[in-house]
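Listed here are the chains, written in short residue letters.
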Amino acid sequence: MHHLLLAVLLAADPEPAPPPGFHVELHPMLQISGGLEGELPYAPAYRAPRLTTQMVSRFGLRARLAEWIEAESELEANAGIHGASAWEGQAALSVRNQLIRFRGARWKVEVGRVTDDASVDYFSQHVADFLVADPFTRDPFLYTGYNRGNGVLGTFDVTPSLRLGVTANAGNPVALTGSLPIGGAFTPFERFYIQPYQAVNQVANHYPDDTFQMYLLAPS
C-alpha cells in the first residue's frame with residue numbers, strides 16, 4: 001500500500017512546463033557523395049594521367065529552440081582531392097557550419113561560422129553533385145569570391161524582391177575563404193595567405209601562423 005501511494009504521489013507531480021514560446025526540434029543532416037575523378041594533364045612529364053575514386057560525406061544536426069532561434073552543427077569527412085587518407089581510416093574531418101541563427105519575419109542574424117549567400121555564384125544543377133569537393137569545382141568556386149568564415153551575418157528584407165545584407169568576418173587568413181581572391185603578393189611568398197598556412201606543418205601545435213590577422217566586411 002505504501003508503494004502504491006508513493007507511485008500516485010510521483011505521478012501527480014508532472015514535469016515543469018517549458019517557457020512559453022520555446023520548443024525543441026532536432027533535424028539530422030546527412031549528405032554522401034562518391035565518384036570517379038580523372039586528370040589528363042597537358043604536361044605528362046610533370047604529372048602522369050590518373051584516375052581517383054572519391055568519397056565525401058557531410059553530417060550534422062539542426063536544432064530549433066523557438067520560432068526565432070535555431071542552431072546548426074555540420075561536419076565533413078573528406079579524403080582530400082586525390083583520395084589521401086590514413087591507414088584504415090579517414091584523414092580529414094573539417095567543420096562546415098557551426099552557428100546560432102536568430103530570425104524574424106523580415107530579418108536574420110547568424111553568429112558563428114557563417115556563409116554569405118550573396119557571394120555564391122549560380123551554377124548548373126549537376127556541377128555540385130560531388131558537393132563542390134573536387135578541385136575542378138571547388139577552386140574556381142573559392143576564387144570567384146565565395147565567402148565563408150567565422151563572423152556575423154545579418155540580412156533584412158526591404159521588399160519581397162530586395163534584401164540588404166552585411167557580413168563581418170575576423171580571424172586568421174586561413175579561417176576565411178574571402179582571403180583567397182584578394183590580390184597582391186607578400187614577399188617572399190606568392191600570396192600572404194600562404195605564409196600563415198605553411199606554419200601548420202612547421203610548428204608543434206600544427207596551428208597557422210598567428211602573426212597575421214584579417215578583417216573582412218562584405219555588404220550586399
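Residues numbered from 1 in each chain as written. Predicted model: local features only at pLDDT ≥ 70, side-chain atom pairs only at ≥ 80, totals over all residues. Heavy atoms only, no water.

Could you clarify how one ought to interpret the packing of aromatic side chains in this entry?
Applying the stated criterion across every chain, the model contains two aromatic pairs. Aromatic side chains W68 and F102 sit 6.3 Å apart centroid to centroid with 20° between the ring planes, which places their arrangement in the stacked category. Of the two residues, W68 sits in the loop between β2 (50-66) and β3 (69-78) while F102 sits in strand β4 (residues 92-103), which places them 34 residues apart along the sequence. Of the residues examined, W68 reaches a relative accessible area of 41% and is grouped as partly exposed. Relative accessible area serves as the criterion here: at 27%, F102 is assigned to the partly exposed category. (Phe/Tyr/Trp six-rings, centres within 6.5 Å; stacked < 30°, edge-to-face > 60°. Helix = DSSP H or I, 4+ residues; strand = E, 2+ residues; numbered from the N terminus. Buried < 20%, exposed > 50% of the residue type's maximum accessible area, 1.4 Å probe, protein only.)

Before we go on, may I ask you to explain the pairing of strand β5 (residues 107-115) in this structure?
Both faces of the sheet carry side chains from a regular strand, because those side chains alternate between them. One ladder, built from six bridges, connects β4 with β5; its direction is antiparallel. Pairing of L99 across the sheet is with G112, part of β5. Following β4, the chain reverses through three residues before pairing antiparallel with β5. The sheet contact formed by β5 and strand β6 (residues 148-159) spans nine bridges and is antiparallel. If you follow T115 over to β6, its bridge partner there is R148. (Pairing = 2+ DSSP bridges.)

Is there a simple way to explain the sheet that holds β4 in this structure?
Pairing in this open sheet of eight strands is antiparallel, and the strands run β1-β2-β3-β4-β5-β6-β7-β8 from one edge to the other. The open sheet is flanked by β1 (22-39) and β8 (214-219), the only strands paired with a single partner. The mean inter-strand angle of the sheet, taken between neighbouring strand axes irrespective of direction, is 15°. (Axes fitted to C-alpha atoms, helices over the stretch in contact; angles between N-to-C directions.)

Help me understand the pattern of salt bridges, please; the structure alone is not making it clear to me.
For side chains bearing opposite charge, pairing can occur when the charged atoms are close. Under the counting rule described, the total for this entry stands at 13 salt bridges. In this structure, the salt-bridge partner of D117 is K108, at a minimum N-O distance of 3.8 Å. The salt bridge partner of D139 is R138, with a shortest N-O separation of 3.0 Å. The class of D139 is partly exposed, set by a relative accessible area of 30%. The exposure class assigned to R138 is partly exposed, which follows from its relative accessible area of 26%. Residues joined by salt bridges that share partners form a network here, namely R62, R64, E67, E70, E72, R101, R103, K108, E110 and D117. (Salt bridge = Lys/Arg side-chain N within 4 Å of Asp/Glu carboxyl O.)

What is the right way to read the layout of surface pockets from this model?
Empty space among the atoms becomes visible once a probe the size of a water molecule is rolled across them. Reported here for the largest pocket is a volume of approximately 1800 Å³. In terms of lining residues, the largest pocket is bounded by 50 residues, among which S94, R96, R138, L142 and T177 are the most central. By residue number, the principal contributor to the lining of the largest pocket is β4, which donates eight residues. Considered class by class, the residues forming the lining of the largest pocket number 27 nonpolar, nine polar and 14 charged. (1 Å grid on protein atoms, 1.4 Å probe; cavity = no way out; pocket = protein on both sides within 12 Å on 5 of 7 lines; lining within 4 Å. Points joined across faces, edges and corners; volume = space filled by probe spheres on them. Nonpolar A, V, L, I, M, F, W, Y, C, P; charged D, E, K, R; others polar.)

Looking at this structure, how should I read the confidence of the model for the protein chain?
Note that predicted coordinates carrying low pLDDT should not be read in detail. The pLDDT averaged across the protein chain works out to 81; a share of 80% of its residues lies at or above 70. Counting contacts from residues 1-13, a segment whose pLDDT is below 50, to residues more than four positions away or on other chains yields zero contacts. (pLDDT = per-residue confidence, 0-100. Contact = heavy atoms within 4.5 Å.)

So what exactly am I meant to see when it comes to helix α2 (residues 135-143) here?
Note that an α-helix has 3.6 residues per turn; residues three or four places apart therefore point the same way. All buried positions along α2 are accounted for by P135, T137, F141 and L142. Looking one or two places after α2, you find G145, whose phi comes out positive at around 110°.

Could you clarify how one ought to interpret the pairing of β3 in this entry?
In terms of burial, β3 is largely enclosed, as seven of its ten residues are buried. Two elements, β2 and β3, share ten bridges in a ladder whose sense is antiparallel. For R62, the partnering residue across the bridge sits in β3 and is E72. The antiparallel hairpin formed by β2 and β3 contains two residues in its connecting segment. Two strands pair when backbone bridges link them, and β3 and β4 are joined in this way by nine bridges, in the antiparallel orientation. Looking across to β4, one finds that A77 is bridged to L93.

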